[in-house]
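Structure at a glance
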Amino acid sequence: MGVDSPVRQLAHRTGSGESTGGSWSTYALYPIPVTRPEAGRVVEVLVCGECGAEVACAVTGAAGVRRLRLWWRGLATVPGAFAVVLVVPVAGAQSSGQAVAFAVLGVALLPVLAFGVHLALRRARDEDGLRLVRGDGIHSLRPAGSTSDFSATLEA
Ligand SMILES: [Zn+2]
């Protein structure tokens, strides 16, 4: 994937509330017409198409975006390395009971490790080198087409 165009858009939260089982938000999205510097980082002022507010956005240059994507891909190897670390005690266990305990722990952690790899690779794919300079609770950066979200509330 090229690094010329931002992946995400400027989002203005247009609504939020509670419903059965969680909370929801809706967003209006606006493309970010910035020119990415070849190197370094510049701050561009975006004008929100919803409310007209000026929102400062740091734009990382093409080389920096490639480095950030590489960093996320490297981070994705950490859960794999952790899985290998879990296998070593199984092989070196003093008793079959210990080996079973380490194996059960490893299998139990497998979904968590796989989810960690998934998240890091997704961040690598979606990294566009954009960051809002200051959060205001209303504006954010979201993928194109991502006009709503829902957060489930866990029952205690
Ligand atoms: Zn706005």
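The residue numbers shown here count from 1 along each chain, following its written sequence. In view of the model being predicted, local features appear only for residues whose pLDDT reaches at least 70, and side-chain atom pairs are presented and counted only at 80 or more, with totals across whole chains, interfaces and linings using the full set of residues.

**Things to note about the overall build of the protein chain**
Helix and strand counts for the protein chain come out as 2 helices and 7 strands. Taken from N to C terminus, the helices and strands of the protein chain fall in the order β-β-β-β-α-α-β-β-β. The globule rule used for comparison is 2.2 Å times the number of residues to the exponent 0.38, while the radius of gyration itself is calculated over C-alpha atoms. For 156 residues, the compact-globule formula gives about 15 Å, and the C-alpha radius of gyration of the protein chain, at 21 Å, lies well above that figure. Considered along the principal axes of its C-alpha atoms, the protein chain spans approximately 65 × 45 × 25 Å. Put simply, DSSP H or I for four residues or longer makes a helix, DSSP E for two residues or longer makes a strand, and each gets a number counted from the N terminus.

**Focus on the domain arrangement of the protein chain**
The split into domains, and so the bounds of each, comes from an automatic or database assignment of domains. Split into domains, the protein chain comes out as domain 1 (1-61 + 129-156) and domain 2 (62-127). Put simply, the middle of domain 1 and the middle of domain 2, counted by C-alpha atoms, are 29 Å apart. Note that contacts rest on C-beta atoms placed from the backbone: two residues are in contact if these are within 7 Å. Across the contact, 11 residues belong to domain 1 and 9 residues belong to domain 2. In this classification, Asp, Glu, Lys and Arg are treated as charged, Ala, Val, Leu, Ile, Met, Phe, Trp, Tyr, Cys and Pro as nonpolar, and every other residue, Gly included, as polar. Here the side of domain 1 that touches domain 2 is composed, by residue class, of 5 nonpolar, 3 polar and 3 charged.

**Quick notes on the nonpolar core**
Think of a nonpolar core as buried Ala, Val, Leu, Ile, Met, Phe, Trp, Tyr and Cys residues, each tied to the set through C-beta atoms within 7 Å. Here exposure depends only on C-beta density: within 10 Å of a residue's C-beta, 20 or more other C-beta atoms make it buried, 12 or fewer make it exposed, and intermediate numbers make it partly exposed, the C-beta atoms being placed from the backbone. In this structure, L10, A11, Y27, L46, V55, C57, V59 and L130 together form the largest nonpolar core, which totals 8 residues. When residues in this core are grouped by element, the largest group, 3 residues, is from strand 4 (residues 54-60). Setting aside residues no more than four positions away along its own chain, V59 makes contact with V34, R36, P37, R41, V42, E44, G129 and L130.

**Quick word on helix 2 (residues 96-126)**
With 31 residues, helix 2 should cover 45 Å at 1.5 Å per step; its first-to-last C-alpha distance of 44 Å lies within 8% of that length. The bend reported for a residue corresponds to the angle between axes fitted to the seven residues ending at that residue and the seven starting there. Maximum bend of helix 2: about 40 degrees, positioned at L110, with proline P111 one to four residues after it. Here, expected helix span is obtained from the residue count minus one, scaled by 1.5 Å.

**Concerning the sheet that holds strand 4**
Sheet strands associate in pairs through backbone hydrogen bonding, adopting either a parallel or an antiparallel arrangement. A sheet is described by the order of its strands in space; here 3 strands give the open sequence 3-4-5, paired in antiparallel fashion. Lying at the two open borders of the sheet, with one neighbouring strand each, are strand 3 (41-47) and strand 5 (130-132). Geometrically, the sheet is characterised by an average inter-axis angle of 30 degrees between neighbouring strands, direction not taken into account. Two strands form a pair only when DSSP identifies at least two bridges running between them. Bridge count for strand 4 against strand 5 is 3 bridges, and the pairing is antiparallel. Looking at strand 5, one finds that V59 is bridged to L130. Fitted lines through C-alpha atoms give the axes, limited to the stretch in contact for helices. The angle between two N-to-C directions lies from 0 to 180 degrees.

**A word on the pairing of strand 4**
Relative to strand 4, strand 3 is paired through 7 bridges, and the arrangement is antiparallel. Across the sheet, residue V43 finds its bridge partner in strand 4, namely A58.

**Re the sheet that holds strand 6 (residues 139-143)**
A sheet is described by the order of its strands in space; here 4 strands give the open sequence 6-1-2-7, paired in antiparallel fashion. In the strand order of this sheet, the two ends are held by strand 6 and strand 7 (148-152), each with one partner. When strand polarity is set aside, the average angle formed by the axes of neighbouring strands in this sheet is 40 degrees. Note that strand 2 (residues 22-30) and strand 7 share 5 bridges and pair antiparallel. Within strand 7, the position partnered with T26 by the bridge is S148.

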